[in-house]
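These are the residues of each chain, in order.
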Amino acid sequence: MACLATAMHEDMGEIENEPVRPKITDAKGILQQNREFLDFFWDIAKPEQEIRLKSIENLIQYLKKSEKPDELKYTLKRLVDGLAHTREAARPGFSLALGQVLSVFEEVSLRTAFDQIKEKHNLATVKKKLIRNAAFGNLFGVLALSQSTRLPKEPQVVLECVQLLQSLSLHREHLRDLPRKTMVDILSETSEEVFEEVLLGALQTDLSSAFSTPEQLQLLLVAMQKFPQVLKPKKLKKLLGTSTIITMDNIPKLTEVLKMAARSVKKDRLLPPVALDLLQISLKEDNFELFWRETIINGMLKDQPGPTHYLSYRLLGSALPLLSLAQLKQVLNGEVMRAYGEHVVSAQLPDRFKFAPEMETYVGDFLQGCDDPEKQLAVMVAFSLLTNQGYPVVPSFWRVVQHLRPTALQSYVDWLKEMFLNPQLDSCLDFSTRRQKENQEGGVQRENCIFRLRKWIIPRLTSIVENNQVKREEDLVMDVARFVFFHAFFNAKKATPDIPETEATLSVPLDEKTRAIIINSFFGLLQHMNHLPLLGDSPEVAGRNQRHVQGVTGDGSMWIYCLVQYADALLNQPKYAQSTQPFSPEQRHSWDSMLASVGTLMKKSKKGQTPETSAFQQLFLLVGIHLFKAPEDLVDLMQDLQNCMEKAQEKKSKKKTTGTAAAEGEEPHWAEVVVDILLSLLSQPSRHIRHVCRTVFSNICPHVTARALTAILDVLDPDKDEEDSAVVVTDDKDSDKIKKDKKKKGEEDEDDEEEMENEEQSDESDDDSDEEEGEDEAMEEGGEVDQNFRIELMKVLQNQGALATDEDGSDDDELDDEAMMKLDSSIAALFLEQKKKMQAKKDEKDKLKKEKTLVRDFKIKVLDLVEVFLAKQGSSPLVLGMVEPLLSVIESGMSSESDQQEQDFLRKAADIFKNQLCRAKQYCKTVGDRQGELHDLLEKLMTKAQKLSDSSVSLYFFSASLYLVKVLRGGVPGASADGKTTLSTEELRFMGNVDVERVSDIFKGALCSFMTRRKSPLSGLMFIDLFTRFPVLCVNILETAVEHITTGIREHQQSQASAMVLRALQSREVQQLLAGDPWAGLLQKAVGQVAASLETVVETGKNKVVQEKLVKALELGLFLVKNVNQQKLSVALEPLKKVLQSMREVLGFRKTGQMEDTYWALMKHFGVIKPKRDRTRKTKEDQAEPTAPKKKKGFLPETKKRKNRKKQLPVSEQGATDANTVPLGKPEGGKKKRNKNKRKQPGGGETPGQGLAKKAKMTQSAGKQKKKKQQGGGGE
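Residues numbered from 1 in each chain as written. Predicted model: local features only at pLDDT ≥ 70, side-chain atom pairs only at ≥ 80, totals over all residues. Heavy atoms only, no water.

1. A closer look at the overall build of the protein chain
- Of the regular secondary structure elements, the protein chain holds 60 helices and 5 strands.
- Within the span of the protein chain, comprising 1276 residues, buried residues form 46% of the whole.
- Put simply, of all contacts in the protein chain between residues at least 6 apart along the chain, 73% involve residues at least 24 apart.
- Of the roughly 66600 Å² of accessible surface on the protein chain, 49% is carried by carbon and sulfur atoms. (Helix = DSSP H or I, 4+ residues; strand = E, 2+ residues; numbered from the N terminus. Buried < 20%, exposed > 50% of the residue type's maximum accessible area, 1.4 Å probe, protein only. Contact = heavy atoms within 4.5 Å. Areas by Shrake-Rupley, 256 points an atom, 1.4 Å probe, with all protein chains shown as cover.)

Rendered as structure tokens:
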């Protein structure tokens, strides 16, 4: 086996090289066995973990089946050798494999395995450069013994393993703390008896010096937890000098050990196990307060922020499940929390390490595993009280809330409401950063802290409702919504049990900024409640949620209706609740009429819910609830809505007569009024309004008239931007509110974020103003100065005598002090006036920019209505009126500025046009008497498509033309929805109302334009799409495309013609329509055109366009020849064959590639096979010309010669030597390189071709080349 092990050294990848290898013998026949067994060990050494695990499993199964002692013995030897593998990834694999083998095959004693490990990886005898590998071999060997689960059964082996690990701990530069950690693992698996009798003596030194290193301290702590009956206080007194671990004397030592542990895991970012064990010991010894105060607060936190602080934070998070309620409150209200808060605030800067995600994980795990609501509430309250100048450091939307028990959640909501009403800043763990303290000399103002705290509480309350992962009940949702609504629009005057919100008064009144935040948060909450699924865990609720029932309570009432009822109750009790903006009589009348209308609609909906009823109900409630926000703007809108509903009801109740039709001609249809109302509502920045408008419009889509649709499309008209601007932009405040959101992707007006965005805008506006002022100044310096300003300045200087004139004749006179002061004041007044003028221009420019932003945002919302109409009424003839307006939007968007908002608008419009209109499955199939109008529109669009300069815009016009053809054709009889049904020839020829001749001429003219114009916006793919979708039109245009294979104005057009013809001929429908003689005649004409096209290609060179033309022509020729041969048509292919043969002589086609492969595939149909390349031809030619004249070699430049390589020779001798030894054009090389060149070339010379190639690369002067030719004697 020794010889066998030596033989297997090479397979193991060992780096030892024996000077003399013994002869390999295979007495046992191991090497003669199949390779399956030996391959296991190769796979174990591979870096892929899956392969290693699979090979270990297969090895165990193999050994079980074979039952051969020699193989088991060899396996043990091989695995022990692999423990010190030079590849680091292989060592764990061999260790795991050894552990599994020892676990399964108990006949192999641990003593034998341990002895082999010590012998093989003996640190005393191994070479110095292999000490690292040997140390790891011992370590992984002990790990393998531990993983075998048999180690506790052999105490003596356990003792020797521990002693080996103790010796390995000296090699810290290689193994770090791994030996100590392994001792801890062994200790945790050892029985108390073995520990006391065997290990205690061996570990005496380590246990006595427990306060020296983290590993030794952890060893002691694990032993104390595992064997409390052995390490009793008396024993600890003997070992450490103290009967307990946590004492005042030991605190400095423990602090130093924890600091060492913190620095050791700096890169790993985890909590050292010794810290958690120390915490548990302190709790067990009832000394937690001492440990936390002295070791953590007065020890770890005294260092600069870094690893010690992070260890304290991790220990805080890990301690949460272990502490009592009193201990939790003590810890969470201490200095560690304050330091954590300072870290969170300072870490908001970029490129800073952020610990907050880790703390969120700790808190989430604690809440998820804690069943005590009081502890849950204590933790949530403590983190909410950690504030930076009143503002909590945890985010308002904190995901850990989803783990709260219902009782804890309700208590937390009540606490938040109480803190909002009566802010108790004294209970907050408040702090200020160093920079904040420097910037605030007068200290922190209490009012500002209260504002910041309330600013956080309201979003926190709404986030609890909005988080669908939170287990909340309907009462909790309504409670939060009522609370937010009340404090947004009302003040409590007197307490009453009927209105719980009046029973608690505000200790500090709300200011306008806070109330604005609450209003925005309320409408954001309302938007979410409109999407809220049914709450509860019952099967009935689950079934209704599967039907996507949203926005209603369990009894079917809408959430918004519940809030409207609550608002009405507040309005009806002015004695107890007072509105912040009391309604005028007219506004109150609108409110009451809204309630009456909603009540009427609800009565009707009980009999049968209709889309109209639902739409009006939602609109009334929406406008009604927004009366509290903007009553002046919505009173007239409410009246219009009332009239609109009455008209809709009258129209439904009365029969259609001539008189009523005439009356309707005079007054707008009710759907038109609703559309106007929706457009008016969409001008307001609210996601809730946007969603409701979309829902309402979806319900009234069947009733939308052409005039109503025109009103929507007029908003999108690019030529009416100014009019829309005047309608939308009514208040600068509105533009300020939503300016920040315009760069969002369609969700730009979220109410609950507007206040935060306003504050950010104020800072950014200052920066922007400074930048623009700097730009204005730069423009004045580098560009033209305002001439009026220059004239005024000249007048001031002349009037004060500071500017020399022709009458003065001299500029030597100086002004006195009084005149200079007067001049300064005059100039200052002039510059101030000029600055005001510039600021006015800048303000006007900003105002126009804001208005433009608002208009674009409004149009993006209006596109929602277009999208809804196309989805709901895609088959309506009204859709045809959308084609031109949408195309004008796309055309103007492509040519306008490219800011992000404009791109979003253009992208959405293009997506609606392409996917919702042109490619929609539902489309208008009955055009009535509009055939002539649609044909004229088709011709207009195709004419416009040919004249455009942008190909991408032209594509949309072409797609619109194809859409019109589809509409004119209507439904194809016999066609299935999936398009898999085979149609007859008559069905294929069906084109409905399409004037085939006229439409064919239109597209034929477009094709000729594309083929005869150098710069055409059309493309070949457009016509390929036409050919694919409408085979009848393809048949009529196909001959024109065939003609342009040779008559196209450029090679690109000719190649596109070939591609079009190929795609058309491949179509099964086209083949069916042209069956018979027309098909054969078309193929004959195509063959002739392809032959003529190929005949013009003389040389491809590097011209990609010519190569493309050649490839497309060859592909078309391949299809033609293949079909002619398969169908046995009488088509003459001889001209094409001659052209192809002549092309071979010119172009060769010896390489590989698309062009060459297509050519030889085509020639194969003519019986010509691609010749095989003769790879040895070059060598034969060399052998056939042995008498080729030997090429004389030239001189190297002086700069290329190596200095002092040999003894210096005279110049003449040196030149002769160089001429005979140095190859032409190459620097002098080593001996091996010269010999290699001699072996490659017979006679030591070069072939003529090689000499010419090297000569072409030479950059020598003409004189040297001439001299070389004279000496070389005709080397070429």
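So much for the structure itself; the text now carries on.
2. With respect to the pattern of salt bridges
- Using the criterion set out here, one finds 29 salt bridges in the structure.
- Of the charged contacts, one joins Arg 588 and Asp 592 as a salt bridge, the two residues approaching to 3.3 Å between their closest N and O atoms. With a gap of 4 residues between them, Arg 588 and Asp 592 both fall in helix α30 (residues 585–607), about one helical turn apart.
- Assessed through its relative accessible area of 23%, Arg 588 is described here as partly exposed. (Salt bridge = Lys/Arg side-chain N within 4 Å of Asp/Glu carboxyl O.)

3. Details of the side chain of Thr 255
- Inspection of the secondary structure puts Thr 255 in helix α15 (residues 251–264).
- If sequence neighbours within four positions are ignored, Thr 255 has contacts with Glu 294, Thr 295, Gly 299 and Met 300.

4. Observations concerning the packing of helix α25 (residues 446–466) against helix α27 (residues 512–530)
- One can describe the packing of α25 onto α27 by two numbers: an axis separation of 10 Å at closest approach and a directional angle of 5°. By the criterion of interaxial angle, the relationship of α25 to α27 is roughly parallel. In this structure, α25 contributes Phe 451, Arg 454, Lys 455, Ile 458, Thr 462, Val 465 and Glu 466 to the contact, and α27 contributes Lys 513, Thr 514, Ile 517, Ile 518, Ser 521, Gly 524, Leu 525 and His 528.
- Of the residues contributing to the contact of α25 with α27, the split by class is 6 nonpolar, 5 polar and 4 charged. (Axes fitted to C-alpha atoms, helices over the stretch in contact; angles between N-to-C directions. Parallel < 35°, antiparallel > 145°, perpendicular 65-115°, else oblique. Nonpolar A, V, L, I, M, F, W, Y, C, P; charged D, E, K, R; others polar.)

5. Thoughts on the packing of helix α42 (residues 883–895) against helix α44 (residues 931–947)
- Where α42 contacts α44, the axes come no closer than 12 Å and their chain directions differ by 10°. By the criterion of interaxial angle, the relationship of α42 to α44 is roughly parallel. Together, Val 883, Glu 884, Leu 887 and Glu 891 of α42 and Leu 937, Lys 940, Leu 941 and Lys 944 of α44 make up the contact between the two elements.
- Per-class residue counts for the contact of α42 with α44 are 4 nonpolar, no polar and 4 charged.

6. Considerations on the confidence of the model for the protein chain
- On average, residues of the protein chain score 78 in pLDDT, and 78% of them reach the 70 mark or higher.
- Of all helices and strands in the protein chain, the one with the weakest mean pLDDT is helix α1 (residues 2–7) (36), whereas helix α22 (residues 373–384) scores best (94).
- Scored below 50 in pLDDT, residues 808–812 makes 3 contacts in the model with residues more than four places away or belonging to other chains.
- The low-confidence segment residues 1177–1188, where pLDDT is below 50, has 1 contact with residues more than four positions distant or belonging to other chains. (pLDDT = per-residue confidence, 0-100.)

7. What to know about the state of the cysteines
- Applying the stated criterion across every chain yields a total of 0 disulfides.
- No disulfide involves Cys 428; its sulfur sits 8.7 Å from that of Cys 449, the nearest cysteine. (Disulfide = S-S within 2.5 Å.)

8. Comments concerning the nonpolar core
- Ile 245, Phe 697 and Phe 1003 are the most contacted members of the largest nonpolar core, which has 350 residues in total.
- For Ile 245, the contacting residues outside a window of four places in its chain are Phe 211, Leu 220, Leu 221, Met 224, Leu 240, Asn 250, Leu 254, Leu 278, Ile 281 and Glu 285. (Core = buried A, V, L, I, M, F, W, Y, C linked by side-chain atoms within 4.5 Å.)

9. Quick notes on the sheet that holds strand β3 (residues 429–431)
- One open sheet accounts for 3 strands, arranged β2-β1-β3; its pairing is mixed. Here the strands that pair on one side only, and so sit at the sheet edges, are β2 (391–392) and β3.
- Where strand β1 (residues 386–388) lies against β3, 3 bridges are found, and the strand directions are parallel. Bridge pairing links Leu 386 to Leu 429 in β3.
- Sheet strands touched by helix α20 (residues 335–346): β1 and β3. Its angle to β3, the strand with the most contacts, is close to 45°. (Pairing = 2+ DSSP bridges.)

10. Notes on the packing of aromatic side chains
- For the structure shown, the criterion picks out 38 aromatic pairs.
- Geometrically, the ring pair formed by Phe 136 and Phe 140 is stacked, given 6.1 Å between the ring centres and 25° between the ring planes. Here the residue Phe 136 and the residue Phe 140 both occupy positions in helix α7 (residues 131–147), the gap between them amounting to 4 residues, near one helical turn. The pair Phe 136 / Phe 140 is uniform in exposure class, with both members buried.
- A ring pair is formed by Phe 195 and Phe 227, whose centres lie 4.3 Å apart and whose planes are at 10°; its orientation type is stacked. Note that Phe 195 is positioned in helix α11 (residues 192–202) and Phe 227 in the loop between α13 (214–226) and α14 (233–240), a separation of 32 residues in sequence.
- These aromatic residues form a ring-pair network of at least three members: Phe 485, Phe 486, Phe 489, Phe 490, Phe 522, Phe 523, Tyr 566, Phe 583, Trp 591 and Phe 628.
- Over the ring of Phe 136 we find Arg 91, and its NZ or CZ is 4.7 Å from the ring centre.
- In this structure, Lys 966 packs its charged tip against the face of Tyr 923, placed 4.5 Å from the ring centre. (Phe/Tyr/Trp six-rings, centres within 6.5 Å; stacked < 30°, edge-to-face > 60°. Lys NZ or Arg CZ within 6 Å of the ring centre and 35° of its normal.)

11. Side note on α11
- All of the buried residues along α11 are Val 194, Phe 195, Val 198, Leu 199, Leu 200 and Ala 202.
- Its buried side turned inward, α11 meets α8 (155–168), α10 (178–189), α12 (204–208), α13 and α14.

12. So, the environment of Ser 324
- Positionally, Ser 324 belongs in the loop between α18 (307–319) and α19 (325–331).
- Its relative accessible area of 33% is what places Ser 324 among the partly exposed residues.
- With 51 residues separating them along the chain, Ser 324 and Lys 375 place their C-alpha atoms 8.2 Å apart.

13. Brief notes about the environment of Thr 213
- Topologically, Thr 213 is positioned in the loop between α12 and α13.
- For Thr 213, a relative accessible area of 23% translates into the label partly exposed.
- For the pair Thr 213 and Glu 256, spaced 43 residues apart in sequence, the C-alpha to C-alpha distance is 8.8 Å.
- Leaving out residues up to four positions away in the same chain, Thr 213 has contacts with Val 257 and Met 260.
- A distance of 3.1 Å separates polar atoms of two side chains, one belonging to Thr 213 and the other to Gln 216. (Polar contact = N/O pair within 3.5 Å; in protein donor to acceptor, adjacent residues only side chain to side chain.)

14. Some words on unusual backbone geometry
- A positive phi angle is found at Asp 286, which is not glycine, with a value near 65°.
- Positionally, Asp 286 belongs in the loop between α16 (273–284) and α17 (288–297).
- With a relative accessible area of 61%, Asp 286 lands in the exposed category.
- We note that Gln 389 has phi near 55°; this positive angle belongs to a residue other than glycine.
- In this structure, Gln 389 sits in the loop between β1 and β2.

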